[in-house]
Amino acid sequence: MIFRDAHQRDYDRRSGDVMNEHRFCGRDEDMAGRGAVVRVFGVVVVAGLAAVGCGDGEQGTAAPQTSGVSVAASPTSVDAEAKVWDPCSLPDSAVSDVGLNVASEKKDVAGVDFTGWKVCSWMDPGKQFSLAVLSSEHTLAESRTRTDFSEWNTLNVGSHAALEFRQAGASHDLSCFVAVEVPAGSVMFRFQNRVSADNPLPPCPEARRLSAGLVQYLPTA
C-alpha cells in the first residue's frame, strides 16, 4: 500500500506537470512573451513560451531555458520510459487524414522532455485547434483518481477501453481528453480549441473523433 501511494503521488506530480504546461497553449496570444515555470521532480524548469510554442509554426520554436540544474533519470525511470509508445511515430498519412497539419508536429512539451511521458502535438491547417497525444505507463484507473479531472465518461475507442474527461480550470471549456488503454499503460488524446478560434468546435466530440481515427495505430502488445 505504501508503494502504491508513493507511485500514485509520483503520477499525480508528473501528469500535473505535463497537463499544466501543455494547457498554456490554450491561452494563445495572452501567453506571448511570458515564461512558464514547471516543476519536474523538484527541479524548476523555465520554458520561454510564446504563441509560437503552441504550434503555429510561423516564427520558429521558442527554445526552452533551464535553471542550469540537470535531472538524471534513475535506471527505473529509464526502463519504464523504454516501454512507453512514442506518439510521434504516428504515420503522417494518418495524421493528415484526421485533419491535422503534418508540418505542425511538435515533440515533447515546449521542448521539455518529461521523464515517463512521451508527447506529440499537431494543429489543424487553419490553426483553430490542436491535438496533443500523451503516452505513459500509467493506467486508466490512475487517471480516474485525479481530482483535477472531472466529467468522467466510460467508453470504447476501437477495441480499447477508454475514458473521456475534462480538466478543471481555465482550459475546461476549450479542451477535452480521451484516455485509451494500451498494454503498457495509456495514451491520452487532448483536443483543445485556440482562444482565437473563429468557430470553436465542441471539444469532446472532436476528441472522440480524433482518437477513433488514430486508435488503429496504438500498440496492441
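Please read all numbers here as calculations on a predicted model, not as lab measurements.

What should I look at first to understand the pattern of salt bridges in this one?
A pair can form between side chains of opposite charge whenever their charged atoms are brought close. Throughout the structure, instances matching the rule amount to four salt bridges. R208 serves as the salt-bridge partner of E164, at 2.4 Å between the closest nitrogen and oxygen. One end of the pair, E164, is in strand β8 (residues 160-167); the other, R208, is in helix α5 (residues 203-214), with 44 residues separating them in the sequence. For E164, a relative accessible area of 8% corresponds to the buried category. Overall, the relative accessible area of 33% leaves R208 in the partly exposed class.

So what exactly am I meant to see when it comes to the environment of W122 here?
Mapped onto the fold, W122 is located in strand β5 (residues 117-123). Distance from W122 to K107, taken between C-alpha atoms, is 9.2 Å for residues 15 residues apart in sequence. Aside from chain neighbours lying at most four places away, what touches W122 is P87, L90, V95, L100, N101, V102, S104, E105, F129, S130, L131 and V133.

Please clarify how the nonpolar core should be interpreted in this entry.
Looking at soluble globular proteins, one finds that nonpolar side chains tend to be buried together. Ranked by internal contacts, the top residues of the largest apolar core, which has 28 residues, are V180, F189 and L218. Mapped onto this core, the elements with two or more residues apiece are α3 (92-97), β5, β6 (129-136), β7 (149-157), β9 (175-182), β10 (185-193) and α5. Apart from residues lying up to four places away in sequence, V180 is in contact with L140, V157, H160, A161, A162, G185, S186, V187, F189, V215 and L218.

Help me understand the packing of aromatic side chains, please; the structure alone is not making it clear to me.
Two numbers describe a pair of aromatic rings. These are the distance of the centres and the angle of the planes. With the rule as written, the count across this model stands at six aromatic pairs. Judged by centre distance (5.6 Å) and plane angle (45 degrees), the ring pair of F149 and F177 falls under tilted. Of the two residues, F149 sits in strand β7 while F177 sits in strand β9, which places them 28 residues apart along the sequence. Through a chain of ring-to-ring contacts, the aromatic side chains of F149, W152, F165 and F177 assemble into a single cluster. The ring of F149 is capped by R146, whose NZ or CZ atom sits 5.3 Å from the centre of that ring.

It is not clear to me how the sheet that holds β8 should be interpreted in this structure. Could you clarify?
Strand pairing in a sheet relies on backbone hydrogen bonds, with the paired strands running either antiparallel or parallel. Strand order in the open sheet formed by seven strands is β4-β5-β6-β10-β9-β8-β7, and the pairing between neighbours is antiparallel. What marks the edges here is a single partner per strand, and that holds for β4 (106-107) and β7.

Looking at this structure, I do not really get unusual backbone geometry. What am I missing?
Trans is the prevailing form of peptide bonds, just as negative phi is the prevailing case for residues other than glycine. The residue K127 is not glycine, and still its phi comes out positive at about 60 degrees. Within the element layout of this structure, K127 appears in the loop between β5 and β6. With a relative accessible area of 26%, K127 lands in the partly exposed category. Although it is not a glycine, E151 adopts a positive phi angle of roughly 60 degrees. Relative to the helices and strands, E151 is located in strand β7. E151 sits in the partly exposed class, given a relative accessible area of 46%.

Basis of the calculations
Residues numbered from 1 in each chain as written. Predicted model: local features only at pLDDT ≥ 70, side-chain atom pairs only at ≥ 80, totals over all residues. Heavy atoms only, no water. Salt bridge = Lys/Arg side-chain N within 4 Å of Asp/Glu carboxyl O. Helix = DSSP H or I, 4+ residues; strand = E, 2+ residues; numbered from the N terminus. Buried < 20%, exposed > 50% of the residue type's maximum accessible area, 1.4 Å probe, protein only. Contact = heavy atoms within 4.5 Å. Core = buried A, V, L, I, M, F, W, Y, C linked by side-chain atoms within 4.5 Å. Phe/Tyr/Trp six-rings, centres within 6.5 Å; stacked < 30°, edge-to-face > 60°. Lys NZ or Arg CZ within 6 Å of the ring centre and 35° of its normal. Pairing = 2+ DSSP bridges.

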